[in-house]
Amino acid sequence: MNNRQVTYSKRRSGIIKKAKEISVLCDAHVAVIIFGCSGKMHEYCSPKASLVDILDQYHTQCGTRLWDAKHENLSNEIDRIKKANDNLQMQLRHLKGEDITSLNYKDLMVLEDVLENGLGCVRDQKDEVVEKHRRNLKQKEEVIKDLYLYGTRG
């Protein structure tokens, strides 16, 4: 560790210590975020407040926008994905036969077709597994039969 790193570490610890002190002694809401030259983040936030609350208060008092258009787009994308997730969860409930009273006739017909297709796939897979199992048992019977015949000759 070189001198700069030692100095950074000591001063970072000192700043965070002072932030804790002012928070406790003065009942102040404090948030400190420090990024070192390596990109590693260190932070402190008062126990009685969240970082989001402090940033919202900063935004309200200063009128400065902390989030740019990129962050707004990300927020909108998160909202869109949440809505898509909600829709998928509703579809899953419908596939389980839950919450179907709100569906109209056309939606019920589509749901019935989807379920029939799914049931067909399940039955096909089940038949395939049963057939594999049957073939496996047949092979085992042949092996046992061969062992029995070999044992009676010897």
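Residues numbered from 1 in each chain as written. Predicted model: local features only at pLDDT ≥ 70, side-chain atom pairs only at ≥ 80, totals over all residues. Heavy atoms only, no water.

Caption draft 1: Spotlight on a nonpolar patch on the surface. There is a patch of nonpolar side chains on the surface, built from L92, L95, V110, V114 and L115 and spanning about 400 Å² of accessible area. For the nonpolar patch, the elements supplying multiple residues, two or more each, are α3 (69-95) and α4 (105-153). Of all the elements, α4 adds the most residues to the nonpolar patch, at three residues. Locating L115 in the fold gives a position in helix α4. Overall, the relative accessible area of 38% leaves L115 in the partly exposed class. (Patch = residues over 30% accessible without salt bridge, like charges linked within 9 Å, V, L, I, M, F, W, Y side chains within 5 Å. Areas by Shrake-Rupley, 256 points an atom, 1.4 Å probe, with all protein chains shown as cover. Salt bridge = Lys/Arg side-chain N within 4 Å of Asp/Glu carboxyl O. Helix = DSSP H or I, 4+ residues; strand = E, 2+ residues; numbered from the N terminus. Buried < 20%, exposed > 50% of the residue type's maximum accessible area, 1.4 Å probe, protein only.)

Caption draft 2: Representation of the environment of R65 in the model. Structurally, the position occupied by R65 is in the loop between α2 (51-62) and α3. Judged by its relative accessible area of 53%, R65 falls in the exposed class. Dropping the residues within four chain positions of it, R65 is found in contact with H59 and E72. (Contact = heavy atoms within 4.5 Å.)

Caption draft 3: Structural view of the side chain of H94. By secondary structure assignment, the location of H94 is in helix α3. Take H94: its relative accessible area is 13%, and that puts it in the buried class. Setting aside residues up to four positions removed in sequence, H94 forms contacts with D99, I100, L103 and L111.

Caption draft 4: Structural context of the layout of surface pockets. When its volume is computed, the largest pocket comes out at roughly 290 Å³. For the lining of the largest pocket, the residue count by class is three nonpolar, six polar and three charged. A volume near 150 Å³ is recorded for the second largest pocket. Considering the residues around the second largest pocket, the lining is formed by Q91, H94, L95, L103, D107, V110, L111 and V114. Split by residue class, the lining of the second largest pocket holds five nonpolar, two polar and one charged. (1 Å grid on protein atoms, 1.4 Å probe; cavity = no way out; pocket = protein on both sides within 12 Å on 5 of 7 lines; lining within 4 Å. Points joined across faces, edges and corners; volume = space filled by probe spheres on them. Nonpolar A, V, L, I, M, F, W, Y, C, P; charged D, E, K, R; others polar.)

Caption draft 5: Representation of the state of the cysteines in the model. Applying the stated criterion to the full structure yields zero disulfides. Lacking any disulfide linkage, C26 is separated from the closest cysteine sulfur, that of C45, by 16 Å. With a relative accessible area of 55%, C26 lands in the exposed category. (Disulfide = S-S within 2.5 Å.)

Caption draft 6: Spotlight on the pairing of strand β1 (residues 31-35). Of the two faces of β1, only one is covered, namely that formed by V32 and I34; the face formed by A31, I33 and F35 stays uncovered. Sheet analysis places β1 next to strand β2 (residues 41-45), joined by five bridges and oriented antiparallel. The residue of β2 that forms the bridge with A31 is C45. Hairpin connection of β1 to β2: five residues between the antiparallel strands, including G39 at a positive phi of 95 degrees. (Pairing = 2+ DSSP bridges.)

Caption draft 7: Just the environment of L95, in detail. One can find L95 in helix α3. Relative accessible area serves as the criterion here: at 40%, L95 is assigned to the partly exposed category. Sequence separation between L95 and G118 is 23 residues; the distance between their C-alpha atoms is 9.9 Å. Excluding anything up to four places from it in sequence, L95 contacts L111, V114 and L115.

So yeah, pure geometry; function would need other evidence.
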